[in-house]
Amino acid sequence: MKKSLLVLFLVIGINLVYTQRSVTNFNNQWQFILEDNANFSQENLDDSSWTALNVPHDWSFENGVRKGGDQGQGGGYHDGGIGWYRKSFNVNKASLSSITFINFDGVYMNSDVWVNGNHLGKRPYGYISFRYDISKYLKAGENTIAVRVDNSLEPSARWYHPCGIYAPVKLIEVHPTHFKPNSVFVRTPTIQENKAEVVIDTEINGNLKNLKYEVKILSPERNELTRKSEQLKVSNPTFQFEIEHPQLWSPKSPSLYKAVTQILDGKKIIDEVETTFGFKTVEWKTETGFWLNGENIKLKGVCEHWEGGPVGGAWTKPMLRWKLQSLKDMGINAIRPSHNPTPPMFYDICDEIGLLVMDEIFDGWHKKAPQDYGKQAFDEWWQRDVTEWITRDRNHPSIFVWSLGNETHSDMAPELVKFGKRLDPTRLFTSGAGNPEDMDITGVNGGSETKSFIESRTFDKPFISTEAPHTWQTRGYYRTQTWWRDNELPGTYDLPNLTEKEIFFYEGINPKNWRNRKQSFNSSYDNATVRVSARKYWEVMRDHPWHSGHFRWTGFDYYGEAGLVHGGLPFNLFMGGALDVAGFKKDLFYFYQSQWTKEPMIHMLPHWTHPRMKKGTEIPVWVYSNVDEVELFLNGKSLGKDQPGTVWNEMQCEWMVPYEEGKLEAVAYSDGKEVKRTSFSTSKQPSKLRTTIQKLEAEDSFTTSYIITSESLDENNNLYPYGENKVYYNIRGDVKKISMENGNPIDSISRTKSDFRALFFGKTRLFLRELPNAQTASIITASILGDKALFTSNTITIDAKQIQVLGNSNVDGLEILYTTNGDNPETNGTIYKGAFEVSDGTTVKAIIKQNGKSVLDMEETFGKNRGLFWGDEHSKDMWIGRGINISAEDGILKGGAKASTDARRYKGTGFVRFDGKEGSVAFYQENDGEGGDYSIRFRYMHNNEGELHPMKLYVNDEYIRTLEFKATGGWEKEWKFVPTIITLKAGANNIRLETEGESGPFIDELFVD
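Residues numbered from 1 in each chain as written. Predicted model: local features only at pLDDT ≥ 70, side-chain atom pairs only at ≥ 80, totals over all residues. Heavy atoms only, no water.

Side note on the overall build of the chain
Okay, so step 1: Scanning the chain for helices and strands turns up 11 helices and 69 strands.
Okay, so step 2: C-alpha atoms of the chain, sized along the principal axes, occupy 85 × 75 × 70 Å.
Okay, so step 3: Counting the 1009 residues in the chain, one finds 61% classified as buried.
Okay, so step 4: For the chain, the proportion of contacts with a sequence separation of at least 24, taken over those separated by at least 6, is 72%. (Helix = DSSP H or I, 4+ residues; strand = E, 2+ residues; numbered from the N terminus. Buried < 20%, exposed > 50% of the residue type's maximum accessible area, 1.4 Å probe, protein only. Contact = heavy atoms within 4.5 Å.)

Description of the state of the cysteines
Okay, so step 1: Evaluated as defined, the whole model comprises zero disulfides.
Okay, so step 2: Free of any disulfide, Cys303 has its nearest cysteine sulfur in Cys350, 14 Å distant. (Disulfide = S-S within 2.5 Å.)

Topic: the sheet that holds strand β53 (residues 814-819)
Okay, so step 1: Overall, antiparallel pairing links the four strands, which are arranged β54-β53-β56-β57 in an open sheet. The open sheet has two edge strands, β54 (830-831) and β57 (853-861), and neither has a second partner.
Okay, so step 2: Pairing analysis gives two bridges linking β53 to β54, with the strands arranged antiparallel. The residue bridging Leu817 from the neighbouring strand is Ile831, located in β54. (Pairing = 2+ DSSP bridges.)

A closer look at the confidence of the model for the chain
Okay, so step 1: Per-residue confidence for the chain gives a mean pLDDT of 94, with 98% of residues at or over 70.
Okay, so step 2: Predicted confidence is poor over residues 1-19, with pLDDT under 50, and the contacts of this stretch with residues over four places away or in other chains come to 10 contacts. (pLDDT = per-residue confidence, 0-100.)

Some details on the packing of helix α3 (residues 317-330) against helix α10 (residues 587-596)
How two helices sit against one another is set out by the angle between their axes and by the gap between those axes.
Okay, so step 1: Contact geometry for α3 and α10: axes closest at 7 Å, N-to-C directions at 55 degrees. In terms of orientation, α3 and α10 fall into the oblique class. Side by side, α3 and α10 meet where Ser326, Asp329 and Met330 of the first sit next to Phe589, Tyr592, Gln593 and Trp596 of the second.
Okay, so step 2: Per-class residue counts for the contact of α3 with α10 are four nonpolar, two polar and one charged. (Axes fitted to C-alpha atoms, helices over the stretch in contact; angles between N-to-C directions. Parallel < 35°, antiparallel > 145°, perpendicular 65-115°, else oblique. Nonpolar A, V, L, I, M, F, W, Y, C, P; charged D, E, K, R; others polar.)

Topic: the sheet that holds strand β50 (residues 763-770)
Okay, so step 1: Taking strand neighbours across the sheet as the criterion, the four strands line up as β45-β46-β50-β48 in an open arrangement whose pairing is antiparallel. Strands with a single pairing partner mark the edges of an open sheet, and in this sheet they are β45 (688-696) and β48 (735-741). Across the sheet, the mean angle separating the axes of adjacent strands is 20 degrees when strand polarity is ignored.
Okay, so step 2: The pairing of β45 with strand β46 (residues 705-713) spans nine bridges and is classified as antiparallel. Among the inter-strand pairings, Lys695 is bridged to a residue of β46, identified as Tyr706.
Okay, so step 3: On the sheet, α3 packs against β45, β46, β48 and β50 and is oriented at approximately 110 degrees with respect to β45.

What about the packing of helix α6 (residues 378-393) against helix α7 (residues 413-423)?
Okay, so step 1: Put simply, α6 and α7 touch, their axes get as near as 10 Å, and they point 40 degrees apart. Taken together, the axis directions place α6 and α7 in an arrangement best described as oblique. Between α6 and α7 lies a crossing of right-handed hand. Two secondary-structure elements touch here, α6 through Trp382, Gln383, Val386, Thr387, Ile390 and Thr391 and α7 through Glu415, Leu416, Phe419, Gly420 and Leu423.
Okay, so step 2: When its residues are assigned to classes, the contact of α6 with α7 shows six nonpolar, four polar and one charged. (Left-handed = near helix turned anticlockwise from the far one by under 90°.)

Let's talk about the packing of aromatic side chains
Okay, so step 1: A complete count under the given rule lists 81 aromatic pairs for this structure.
Okay, so step 2: Relative to Phe459, the ring of Phe453 lies with its centre 6.0 Å away and its plane at 50 degrees, an arrangement referred to as tilted.
Okay, so step 3: One aromatic cluster in this structure is built from Tyr108, Tyr125, Tyr127, Tyr166, Trp306, Phe362, Tyr373, Phe378, Trp382 and Phe419.
Okay, so step 4: The lysine or arginine in question, Lys285, covers the ring of Trp291, its NZ or CZ lying 4.3 Å from the ring centre.
Okay, so step 5: Taking NZ or CZ as reference, Arg479 lies 5.3 Å from the ring centre of Tyr506, over its face. (Phe/Tyr/Trp six-rings, centres within 6.5 Å; stacked < 30°, edge-to-face > 60°. Lys NZ or Arg CZ within 6 Å of the ring centre and 35° of its normal.)

Observations regarding the environment of Ala433
Okay, so step 1: Mapped onto the secondary structure, Ala433 falls in the loop between β29 (429-432) and β30 (442-445).
Okay, so step 2: Each C-alpha atom of the pair Ala433 and Thr408 lies 7.0 Å from the other, and the pair is 25 residues apart in sequence.
Okay, so step 3: For Ala433, the contacting residues outside a window of four places in its chain are Glu407, Thr408, Gly443, Val444, Asn445 and Thr466.

Here's the deal with the pairing of strand β18 (residues 224-231)
Okay, so step 1: Pairing of strand β17 (residues 212-218) with β18 involves seven bridges; the strand directions are antiparallel. Residue Leu218 lies in a different strand from β18, and its bridge partner there is Glu224.
Okay, so step 2: Here β17 folds back onto β18, and the loop between the two strands holds five residues, one of which, Arg222, carries a positive phi near 70 degrees.

Things to note about the layout of surface pockets
Any empty space left between atoms is shown by rolling a water-sized probe over those atoms.
Okay, so step 1: Taken as a whole, the largest pocket spans an internal volume of roughly 1,600 Å³.
Okay, so step 2: Contributing to the lining of the largest pocket are 47 residues, with Lys170, Val273, Glu274, Pro344 and Asp348 lying nearest its centre.
Okay, so step 3: Put simply, the parts of the chain that give the lining of the largest pocket at least two residues each are β1 (22-25), β5 (99-104), β12 (169-174), β13 (178-179), β20 (257-265), β21 (268-277), α4 (344-353) and α6.
Okay, so step 4: Along the lines of polarity and charge, the residues of the lining of the largest pocket split into 16 nonpolar, 16 polar and 15 charged. (1 Å grid on protein atoms, 1.4 Å probe; cavity = no way out; pocket = protein on both sides within 12 Å on 5 of 7 lines; lining within 4 Å. Points joined across faces, edges and corners; volume = space filled by probe spheres on them.)

Considering the pattern of salt bridges
Okay, so step 1: Inspection of the entire model under this criterion finds 61 salt bridges.
Okay, so step 2: Glu449 serves as the salt-bridge partner of Arg531, at 2.7 Å between the closest nitrogen and oxygen. In this pair, Arg531 sits in the loop between β34 (528-529) and α9 (534-543) while Glu449 sits in the loop between β30 and α8 (451-456), placing the two residues 82 residues apart along the sequence. Here the two residues Arg531 and Glu449 agree in accessibility, since each one is buried.
Okay, so step 3: Salt bridges sharing common partners tie together Lys317, Arg321, Glu352, Glu699 and Asp700. (Salt bridge = Lys/Arg side-chain N within 4 Å of Asp/Glu carboxyl O.)

A look at the pairing of strand β43 (residues 663-670)
For a regular strand, side-chain orientation follows a simple rule: the groups alternate between the two sheet faces.
Okay, so step 1: Of all the eight residues making up β43, six are buried; the element is thus mostly covered by neighbouring parts of the structure.
Okay, so step 2: Connecting β43 to the antiparallel partner strand β44 (residues 673-681) that follows it, the hairpin turn spans two residues, and Asp671 within it adopts a positive phi of roughly 55 degrees.

Some details on the environment of Tyr478
Okay, so step 1: On the secondary structure map, Tyr478 appears in the loop between β31 (463-467) and β32 (483-484).
Okay, so step 2: Classification of Tyr478 by relative accessible area gives buried; the value is 5%.
Okay, so step 3: For the pair formed by Tyr478 and Pro606, sequence separation is 128 residues and the distance between their alpha carbons is 7.3 Å.
Okay, so step 4: Discounting chain neighbours no more than four positions away, the residues touching Tyr478 are Phe504, Tyr506, Ser523, Ser524, Tyr525, Asp587, Leu605, Pro606 and His607.

Comments concerning the side chain of Arg394
Okay, so step 1: Relative to the elements of secondary structure, Arg394 occurs in the loop between α6 and β28 (399-406).
Okay, so step 2: Buried within the structure, Arg394 lacks any salt-bridge partner; its nearest side chain of opposite charge belongs to Asp424, at an N-O separation of 6.7 Å. (Lys, Arg positive; Asp, Glu negative; His and termini not counted.)

Thoughts on α4
Okay, so step 1: Counted residue by residue, α4 has eight buried out of 10 residues, so it is predominantly covered.
Okay, so step 2: Of the residues making up α4, those classed as buried are Pro344, Met345, Phe346, Tyr347, Ile349, Cys350, Asp351 and Ile353.
Okay, so step 3: Check the buried side of α4 and you find it contacts β21, α3, β26 (334-337), β27 (356-360), α6 and β28.
Okay, so step 4: Directly after α4, the chain includes Gly354, whose backbone phi takes a positive value near 90 degrees.

Things to note about the side chain of Glu711
Okay, so step 1: Note that Glu711 resides in strand β46.
Okay, so step 2: Glu711 has contacts with Lys688, Leu689, Arg690, Leu719, Leu759, Gly762 and Lys763, leaving out every residue within four places of it along the chain.

In structure tokens:
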């Protein structure tokens, strides 16, 4: 018996070395430093002082928001910089006869790679996979890889981008004769109900002599359906198969087949590649839109930045699956990764869960952000990057159309389309509002939201809304008055106010301190928009046969573009998602779910805790549901039934309910029987935390992740919907903090370095990732709880718990010490035994001790001017009728232009001065209206009598005219305006003032009237 076992072991060992390709997880045990030194590429270097980490990694997200951050408003005020990664790895002597690739799924951006001090190459684009053959540089024993990542030129994108090795890395070892990377191409040229044709092309590198090529096709159940083999005579063999009764891939039934391609030396497999594919038919028709598998369906999609969500760019596969499944649960059937390809695991998940993908390659084909790929590398690199993109992704059944760009225009579009079709002739090409005349499908961003567009449309090819609708919601925030981002635009659909006067009067910031009128939160009643509500646009696309569907902007909120809609700091993220950056579902999520899913659901808004509202005030109560009818009850009394309608403003069930404290309950009925119910009860002040844990299972090379949710509850376990107390965390054991996130767009506290995150409208989250070989982990979570403003009550409680996350830990009792007079609770604290009262302006300090050791140090201040701003119907009067204003100090400053605060009566956080020097200031304006003429004004000041300080005005880098700035009468507070008219195109615009040899005045703001 022992002899037989030994022989079997040896056979297996030889077979593993000789045959299969080896794919090694290369994500762990990297060293990192945020510095730049040419010596870091050397083979032998002491990097022991560097930070040890596992990738995916995003140093920009880890470092957090900074006023003046390199990425600017577009990047949510995060930084760039130059970082280095190093990793040591062992190679056995037998492997030196193989071919070894190092494969990166995503490095942002301008990466250079060295192995044992030998430079392998550079890859500028941050959103593309790449690999290097490192075989000739390897040696038996220890080897070293070094990666330099250069984000010194910023902003390099129009939204937040990651910095670093933000996606998986693999070491791939293959036989000298092997399948060329990305060379397997599975096509399904004909698909019928009873049979389908499969054609498989590939390309082989190496010596073919005496070798065989074999292909097997496996069913979705992993049963072998057919196989074919022959002697290798050419390096690019093609096999053709016929599959009976193919199971079609669709979002409802994502059936996946596998093609197993093998190179054989006798019976030994020397290389093997498994390729997932599916059977589906796609048709686009000008008059009737999109057809999948012979069925005319609407594309119910979302646009989604790779960076949308709580981790910056450093997604693991379990976290990414959670994100995509959350969107799928909303009812979407399609997604547009905007505006760049994603790492391959994104498409793998879409294949598996059933999401159609509009795969997009570029934001622009020329410069759009000041230092983007379009400027730095496009001309030289686009062909290599498009080749990698299409050959890598073309087998995914989820991908149904290619998108070549976004809001960009160039006479090179026909060349891009022609080049792409050589790589994949099986799919059509489009773009997001770029060169529609050259695309197979017309894609329109934003402009398709207007009544005038819909009612006057004429197309000679299929149409899709590549971005629509643009609506905003801040989770937990409500307004009954309609809010237009850029004031109401011509040609829009009506969006009436819900009440004659506003009834809600709370804000994140006192309007007196807003930098501009955009710094309001956005209402969750689906009444904050550019041009159209989400409900109306769904009606439009549903009821027009030619309308193929839409990709709403966006699925999740995302970091960056903070100035575009929200006016800049302290706002640091974009709130266009149906889920916030913490993954909490907004009311908008449930609207779509009510329209796009069949499983009975019910959702009610707003909450029923309004302590500052006059009793009897009529509140619009909405219920989203997909049932026959809904009945509403207040304190047990029926307020009647309503049915969800098909007209846009009847899609919600609606009641006007006079406010009184108590229980509001909605009951859903189908066929006369109750199927769902939901309720709110008026909450008292928060007095405890509810903590729940969601486990995201490990998969592939990624360890398990955890989402830990904290919510503020009153003594009766009702959610307190204004909760904003800090939640503190002590993390123990074999887990790493990914981030803390609450969805608050103005919270700039570090998401990765702090030990607390404040509740935002009652909720916050902690995201954890297991370390490799994790055994045990727990957290202590604690909060000083109460109404921040002491309006409902001046009673304060302290809640602390130890919660087991993984395995078993010793759970010992926690002791709480606190003070209310500013003293150190460690030395002068009172033992917490229960709730206590405080007065206006009190700072409560507390420590949590375990086994005599302090494990958390907490602080919370309470008072009438703390937390949310509570105003009245006149609080925002000063902003009535004002247009868009863009602060000069937030622009791109060059030459002698510098930001300053040394004056009075400036708007925003400062202004720009030149101090006798030459320079320029550039403003970014996203025009979501039609292209055309706009009145603009520059607010300025100087006191140089007789001097005009002429400045050249450029729009989108085209010289328009020279403006003159007469003396205003002072350098301190005498601001005036220079008006002019310019032509803005739809979409992104760059407006630049440049001195003309006579320096410049103080420039405060640009107004677009």
